[in-house]
Structures are given as C-alpha cells and as structure tokens.
Amino acid sequence: MYAARGRLDTLLIEKGATGGQVLLTDWVDNYPGFHDGITGFELMDKMTAHVDRFGLEKKFAAVTAMDLQGEQKVITLESGEELTAQSVIISTGAKPRKLDVPGEEELQGRGVSYCATCDAPFYRDQEIAVVGGGNTAVQEALHLTKFASKVTVIHRRDSLRATAILQEKAFAEEKINFIWDAQVSEIVGNDEGVESLNIQHNDGSTSNLPVTGIFVLIGVVPNNEMLPMEQLETDEGGFVFTDHEMCTKLPGVYAAGDIRSKNSRQIINAAGEGATAELSAEHYLSNLAVD
Amino acid sequence: MEDKSKHVNTVNDSDFESMVEKNELPCLVDFWAPWCGPCKAIGPVIDELAEEFAGKVQIVKMNVDESPATPGKFGIKAIPTLILFKNGEAIDRITGAVGKAQLKELISKAS
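The sections below set out a description of the structure shown in this document. In this convention, every chain numbers its residues from 1, walking through the sequence in written order. For naming, the first written chain is A and the first written ligand is 1, with later ones following in the order written. Selection of residues for local features in this predicted model requires a pLDDT of at least 70, selection of side-chain atom pairs for listing and counting requires 80 or more, and totals for whole chains, interfaces and linings are taken over all residues. Hydrogens are left out, water is left out, and the side-chain values use all remaining heavy atoms of the structure.

### With respect to the packing of helix α3 (residues 43-52) of chain B against helix α5 (residues 100-108) of chain B
Geometrically, a packed helix pair is captured by the angle between its two axes and the distance between the axes. All names here are of chain B. For helices, the axis comes from a line fit to the C-alpha atoms of the stretch in contact; other axes are also lines fit to C-alpha atoms, and the angle between any two N-to-C directions lies between 0 and 180 degrees. Secondary structure elements follow DSSP: runs of H or I no shorter than four residues count as helices, runs of E no shorter than two count as strands, and numbering proceeds from the N terminus. Interhelical geometry of α3 versus α5 gives an angle of 40 degrees and a closest axis separation of 11 Å. Classified by the angle between their axes, α3 and α5 sit oblique to one another. In the crossing of α3 with α5, the sense of the turn from one axis to the other is right-handed. Residues Val45, Ile46, Glu48, Leu49 and Glu52 of α3 pack against Lys100, Leu103, Lys104 and Ile107 of α5. Gly is placed with the polar residues, together with every amino acid not listed as nonpolar (Ala, Val, Leu, Ile, Met, Phe, Trp, Tyr, Cys and Pro) or charged (Asp, Glu, Lys and Arg). Here the contact of α3 with α5 is built from residues that sort into five nonpolar, no polar and four charged. With respect to orientation, any angle under 35 degrees is reported as roughly parallel, any angle over 145 as roughly antiparallel, any angle of 65 to 115 as roughly perpendicular, and every other angle as oblique. In this scheme, a crossing is called left-handed if the near helix is turned counterclockwise away from the far one by less than a right angle; it is called right-handed if the turn is clockwise. Only heavy atoms matter for contacts: two residues are in contact if any of them lie within 4.5 Å across the pair.

What follows is the structure, encoded as structure tokens:
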C-alpha cells in the first residue's frame with residue numbers, strides 16, 4: 001500500500017491467494033480499528049481492496065529462484081520468466097508446521113487438518129483433538145467447540161503458552177479437556193479417515209485416543225524454498241534476519257512479516273513491518289537515483 | 001458468494017451424477033463453502049483454469065453446505081478439496097489452497 005501510494009513502480013508477486021495464513025484464521029479480535037472483531041477472510045479482503053484502490057499491480061505466479069546480490073535483483077518465475085527489480089521486499093510468510101509422524105501425510109484431508117476455520121463443520125457432534133498450546137491452538141480449539149462434541153487439547157508441556165484471555169475461555173469451556181506433557185506419535189486410520197491417535201506421554205507411558213479428526217496447530221515453518229539462502233542471513237529455523245529497519249544484509253533487499261526471524265507473529269506486526277520495509281526501500285531507491 | 005464465472009458451473013447432490021459422473025469430458029470438482037477463506041481465495045485461479053481448459057476439462061464447483069451427500073461419499077473432511085473425475089471415476093485429489101501450477105498438474109492427469 002505504501003509503495004503504491006508512493007508511486008513506486010511496484011509488482012506484488014503472489015503464489016496462491018492474497019492473504020496467506022490470515023485466511024486460515026477464524027476470528028481476528030486484535031487488529032486495531034476492528035473493534036467488534038472480524039473474520040480472517042474479511043480482513044484480507046479489505047486489505048486487498050485497499051491496495052487495489054491505489055492501483056497496485058499484482059501477478060499470480062510462484063517464484064522458483066531469486067538472485068538478490070548486485071544492483072539488479074533477478075526473480076525467476078515457475079514459467080521461466082525472469083523479472084528484474086532494483087529493490088525486493090521478501091514477505092513470503094510461513095506455513096503450518098507438521099507433526100512429522102506416521103499417518104499424517106496419508107490422512108491429510110481425511111481427518112488431519114491444519115485449518116480449523118476451514119474444516120470445523122465436518123466434525124459436527126464428533127470427538128476430535130487439537131495439538132498445540134499456543135494462541136492459534138487455543139483460539140481454534142474454542143472455535144471447534146461450536147461443532148464438535150468434545151475437543152481434547154494435546155500439549156507437550158504442562159501449561160499453555162496462549163494469551164491469558166484465551167486460556168480463561170478454554171478452561172471455562174466444558175467441551176475442552178487437556179492431555180498435558182504428551183505428544184502424538186502416530187495417527188491411525190484408513191481410507192475412510194482418522195480413527196485414533198497413539199500418544200506418547202513424557203513420563204514414558206503410552207495411550208490411545210479415539211478421534212475422527214486431529215487439528216495440528218503447533219507453530220509455523222518459513223516459506224523459504226524460493227529464497228537464495230546462501231545470500232541471506234537466516235536463523236537456525238530458516239527465518240531471515242533483518243535489522244529494525246527491515247534491511248537484510250543485502251543492499252536493497254528487505255523482509256517483512258512471518259518470514260523474519262522474530263518472536264511475535266501477529267497481523268499487526270506484519271502490517272507495521274511491511275510499512276517499515278517499504279519506507280526503507282523507498283529511501284534506498286532515492287539514494288540510488290542521486291548517485 | 002455469487003458465481004460470476006461463465007466457465008465454472010455449479011453442481012449439487014442431485015445433478016452430480018449427470019453433470020460429473022456421466023460427463024464425457026474429464027471433470028474437476030472444487031468442493032468449497034462460504035465460510036472457508038482459502039476456498040474463496042482460490043476462486044479466481046479456478047476461474048482462470050476453467051477458461052484455459054474450456055472444452056477439454058469441465059470445471060465445476062460444489063457448495064458442501066448445500067450438498068452434503070456427495071462430499072460425504074468421497075470422504076471429504078477438509079476444504080478446499082479438488083477431485084479430478086474421468087469416466088465417472090475419481091482419479092486424483094488435492095486438499096488445501098494450492099497454487100495454479102499444482103492444479104494444472106492435477107488436471108494434466110486426465111489426459
């Protein structure tokens with residue numbers, strides 16, 4: 001939005017749908033200005049409409065490679081087309097982390113889900129599980145109680161990391177119960193769908209929990225497959241390091257949102273970082289013009 | 001959501017057999033619902049594909065709220081799910097909001 005208003009010659013390259021992970025969110029209750037709360041989809045729809053009003057050019061394509069060193073940055077698309085730019089803002093975001101246990105891959109879409117808001121209505125009056133203990137896990141567990149008869153939250157620690165107001169709601173909800181200090185070791189099912197979970201408890205014991213669905217909400221991994229990792233500095237998780245002006249170590253290259261190495265992954269953070277990155281890019285480009 | 005695309009027809013439980021299973025063309029069925037953000041978000045890509053493959057592959061949408069029987073029959077528990085049908089048989093499927101290239105790859109399995 002800042003780039004379009006600044007009349008920079010800007011192209012937004014988007015692989016799938018504009019909106020990313022927010023589209024997976026049932027309810028956004030902490031974005032300023034939306035005092036009644038708003039669905040993730042509506043918020044993204046409004047943001048898209050907002051940039052459209054300023055005429056931002058968009059291209060729907062997947063990036064396969066990037067060369068960000070040097071003054072001309074080169075971006076290769078899946079079609080083989082090469083685009084050049086003087087400055088690039090990396091905002092590829094993150095995607096849900098998988099459990100990486102037997103049965104997960106085979107049963108995806110048949111009882112294994114990473115999006116409660118998409119799939120909750122398929123579990124009306126059924127018993128299901130949520131794995132995780134952060135904000136996303138607890139928020140979506142609460143959403144799932146609108147449909148499921150029982151929601152078991154499986155968490156590897158003995159307390160939740162979610163913010164206090166979500167914890168209060170979860171503990172007060174009769175349909176939610178907890179299995180603490182435990183991890184899912186296998187998802188059991190067949191062509192018809194998920195049947196149960198094998199659970200490994202931290203004290204060494206094991207158990208089996210019959211459920212028809214499991215929602216895996218255990219954090220995110222970076223969308224960095226298309227990034228030139230050898231040119232950038234990243235943390236051990238593969239997230240890109242920047243300074244507080246969103247500058248990466250490469251001149252003219254910035255990063256914003258969940259792809260950055262940071263602690264808080266909130267919509268408000270991402271929006272602010274996007275603005276900061278754009279202003280940094282604008283400053284960089286105006287200096288280039290002077291030179 | 002009103003379907004404005006001229007290439008993407010909607011199907012329901014009652015006409016699924018005639019529209020999809022007995023269709024001479026391969027059919028890609030997009031199972032979606034109005035409450036699913038990613039489903040709506042891939043809508044424009046589905047419309048583009050329908051235009052590109054017009055006359056070769058029939059691309060249709062089914063609202064799982066209005067037509068619960070068909071998704072149940074195919075074991076759908078997550079949306080968006082896209083199933084490719086050829087000669088009445090479900091030959092492959094993708095779940096999740098994937099990109100255009102992956103959808104094209106799915107469609108190519110019909111030929």
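### Side note on the interface of chain A and chain B
Contacts between chain A and chain B engage 17 residues on the former and 17 residues on the latter. Regarding the contact of chain A and chain B, the summed buried area is about 1,600 Å², with carbon and sulfur atoms giving 62% of it. Of all residues in chain A, A:Phe41, A:Gly109 and A:Phe122 give up the largest surface area on contact with chain B, accounting jointly for 31% of the area buried on that side. Any Lys or Arg side-chain nitrogen found within 4 Å of a carboxyl oxygen on Asp or Glu counts as a salt bridge. At the junction of chain A and chain B, the tally comes to zero salt bridges. Sorting elements by how many residues they give to the side of chain A that touches chain B places helix α3 (residues 116-119) of chain A first, with three residues. Looking at the side of chain A that touches chain B residue by residue, the class counts come to eight nonpolar, five polar and four charged. By buried area we mean the combined loss of accessible area, with a 1.4 Å probe, across both parts when two parts are placed together.

### Looking at the state of the cysteines
The definition used for a disulfide is geometric: two cysteine sulfur atoms within 2.5 Å. A complete count under the given rule lists two disulfides over all chains for this structure. Across the disulfide from A:Cys115 sits A:Cys118; the S-S distance is 2.2 Å. Between A:Cys115 and A:Cys118 the disulfide shows an S-S torsion of about 70 degrees. By sign, it is right-handed. A residue is classified by how much of its surface remains accessible, and A:Cys118, at 2% relative accessible area, is buried. The disulfide partner of B:Cys36 is B:Cys39, and the gap between their sulfur atoms is 2.2 Å. Sign of the S-S torsion, about 80 degrees for the bond between B:Cys36 and B:Cys39, identifies this disulfide as right-handed. The same class applies to B:Cys36 and to B:Cys39, which are both buried. Note on B:Cys27: no disulfide assigned, nearest cysteine sulfur contributed by B:Cys39 at a separation of 19 Å. Whether a residue is buried, partly exposed or exposed follows from its accessible area with a 1.4 Å probe, protein chains only, as a fraction of its type maximum: under 20%, in between, or over 50%, in that order.

### Observations concerning the nonpolar core
We call a set of buried Ala, Val, Leu, Ile, Met, Phe, Trp, Tyr and Cys residues a nonpolar core when their side-chain atoms join them within 4.5 Å. Grouped together as the largest cluster of nonpolar side chains are 42 residues, with contacts concentrated most on A:Val130 and B:Ile79. At five residues, helix α4 (residues 135-144) of chain A tops the list of elements feeding residues into this core. For A:Val130, the residues in contact, after removing those within four places along its chain, are A:Ala137, A:Ala141, A:Leu144, A:Val151, A:Thr152, A:Val153, A:Ile154, A:Phe215 and A:Leu217. Formed by 19 residues, the second largest nonpolar core is a distinct cluster that contains A:Ala182, A:Val184, A:Ile199 and A:Ile214.

### Notes on the pattern of salt bridges
The final tally for this structure, using the stated rule, is 11 salt bridges over all chains. Put simply, A:Asp52 and A:Lys58 hold a salt bridge, and the shortest N to O gap is 2.7 Å. In this structure, B:Lys100 engages B:Glu52 in a salt bridge whose closest nitrogen and oxygen atoms are separated by 2.8 Å. Taken together, the positions of B:Lys100 in helix α5 and B:Glu52 in helix α3 put the pair 48 residues apart, joining distant regions of the chain. With relative accessibility at 36%, the residue B:Glu52 sits in the partly exposed group. What you see here is one network of salt bridges that share partners, running through B:Glu48, B:Glu52, B:Lys100 and B:Lys104.

### A short note on a positive patch on the surface
Residue and element names in this part refer to chain A. Together, Arg97, Arg156, Arg157 and Arg161 line one region of the surface with positive charge. As for its placement among the helices and strands, Arg161 is situated in the loop between β10 (150-154) and α5 (164-172). Residue classification places Arg161 among the exposed residues on the basis of a relative accessible area of 56%. Patch rule: a residue counts if its relative accessible area is over 30% and it has no salt bridge; like charges are joined within 9 Å, and nonpolar side chains (Val, Leu, Ile, Met, Phe, Trp, Tyr) within 5 Å. The method behind every accessible area is Shrake-Rupley, applied with a 1.4 Å probe, and residues are considered shielded solely by the protein chains displayed. Charged-residue counts in this description rest on Lys and Arg as positive and Asp and Glu as negative, His and the chain ends being excluded. Just so you know, the charge point we use is NZ for Lys, CZ for Arg, CG for Asp and CD for Glu.

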